Amino acid sequence: TTLFRSIRQVLQNCTLTENLDIDRLPVIDVEYYFLHLRARSVGEMVENKYRCENVVEDKECGNLMDVNVNLLDIKVEGTENVNDFIQLTDKLSIKLKYPEFHIVGDSLQYDNVNQVTFNMIASSIEYIYDGDQYYYAKEQTTEELMEFVESLNQEQFSKIENFFENLPKLRKTLDITCKKCGYNHEILVEGLENFFG
């Protein structure tokens, strides 16, 4: 998407560290870096609008509520619950790493969600251990890794999905009161794209 390309270009242009490959950084690191770069260069405050969904007399209020969000108040949450080592069977296990930023761009080439998911998993494998031998992802072809991911049963796939669902995220709960109907909203905002309206 345009957002992916824009983030990559801005970070490449504003990074003084030589030979830093933005695409190889974990997605959460890139998001946090970009958020703070944006806050320091353009301004800490971002104005967003949220629609009031409170139902008053069988009708949704629908009022647009203006909210100012301080980007420096946004934290990375969920770092304590991530287990990157997953036991798939008695002998078979897998070690995953946080998805790298290039995966976001790679996913643009796929037409359906399954392809995106399989690619993200295959790209996040650090190694596979079968009880006797380690198979490091960097020594395998993309096709071999995709074949491995596609061979997983539902239970194994769910264990891996759990890893991705519990990855750290940029997160903030906004406390907003609608000026029209007075309803108090607690809106959980996650992910970089949601902090910029």
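Everything below is about the structure shown above.
Let us look at the structure shown here. Computed from a prediction, not measured in an experiment: that's the story for all the values here.

## Focus: the packing of aromatic side chains
- For the coordinates displayed, the defined rule picks out eight aromatic pairs.
- Here the aromatic rings of Y98 and F163 are separated by 6.5 Å at their centres, their planes lie at 50°, and the arrangement is tilted. Taken as a pair, Y98 in the loop between β7 (93-96) and α3 (102-106) and F163 in helix α6 (residues 154-165) lie far apart in primary sequence, 65 residues in all.

## A look at unusual backbone geometry
- Its identity as a non-glycine residue notwithstanding, E57 has a phi of 50°, on the positive side.
- In this fold, E57 is placed in the loop between β2 (55-56) and β3 (59-60).
- Residue E57 is classed as exposed on the basis of its relative accessible area of 77%.
- With phi around 60°, D58 is a residue other than glycine that occupies positive phi space.
- Along the polypeptide, D58 turns up in the loop between β2 and β3.
- Given a relative accessible area of 79%, D58 falls into the exposed group.

## Comments concerning the pairing of β7
- Neither face of β7 is left uncovered, since the one carrying S93 and K95 and the one carrying I94 and L96 both have all their residues buried.
- Hairpin connection between strand β6 (residues 85-87) and β7: a loop of five residues separates the two successive antiparallel strands.
- Note: β7 against strand β8 (residues 125-129), four bridges, orientation antiparallel. Within β8, the position partnered with S93 by the bridge is Y129.

## Remarks on the packing of helix α1 (residues 2-14) against helix α2 (residues 27-41)
- Across the interface, α1 lies against α2 with an axial gap of 11 Å and an inter-helix angle of 70°. Taken together, the axis directions place α1 and α2 in an arrangement best described as roughly perpendicular. Once α1 is placed against α2, the crossing between them reads as left-handed. Contacts between α1 and α2 involve I7, V10, L11 and C14 from the first element and V30, Y33, F34 and L37 from the second.
- Looking at the contact of α1 with α2, its residues break down into eight nonpolar, no polar and no charged.

Analysis parameters
- Residues numbered from 1 in each chain as written.
- Predicted model: local features only at pLDDT ≥ 70, side-chain atom pairs only at ≥ 80, totals over all residues.
- Heavy atoms only, no water.
- Phe/Tyr/Trp six-rings, centres within 6.5 Å; stacked < 30°, edge-to-face > 60°.
- Helix = DSSP H or I, 4+ residues; strand = E, 2+ residues; numbered from the N terminus.
- Buried < 20%, exposed > 50% of the residue type's maximum accessible area, 1.4 Å probe, protein only.
- Pairing = 2+ DSSP bridges.
- Axes fitted to C-alpha atoms, helices over the stretch in contact; angles between N-to-C directions.
- Parallel < 35°, antiparallel > 145°, perpendicular 65-115°, else oblique.
- Left-handed = near helix turned anticlockwise from the far one by under 90°.
- Contact = heavy atoms within 4.5 Å.
- Nonpolar A, V, L, I, M, F, W, Y, C, P; charged D, E, K, R; others polar.

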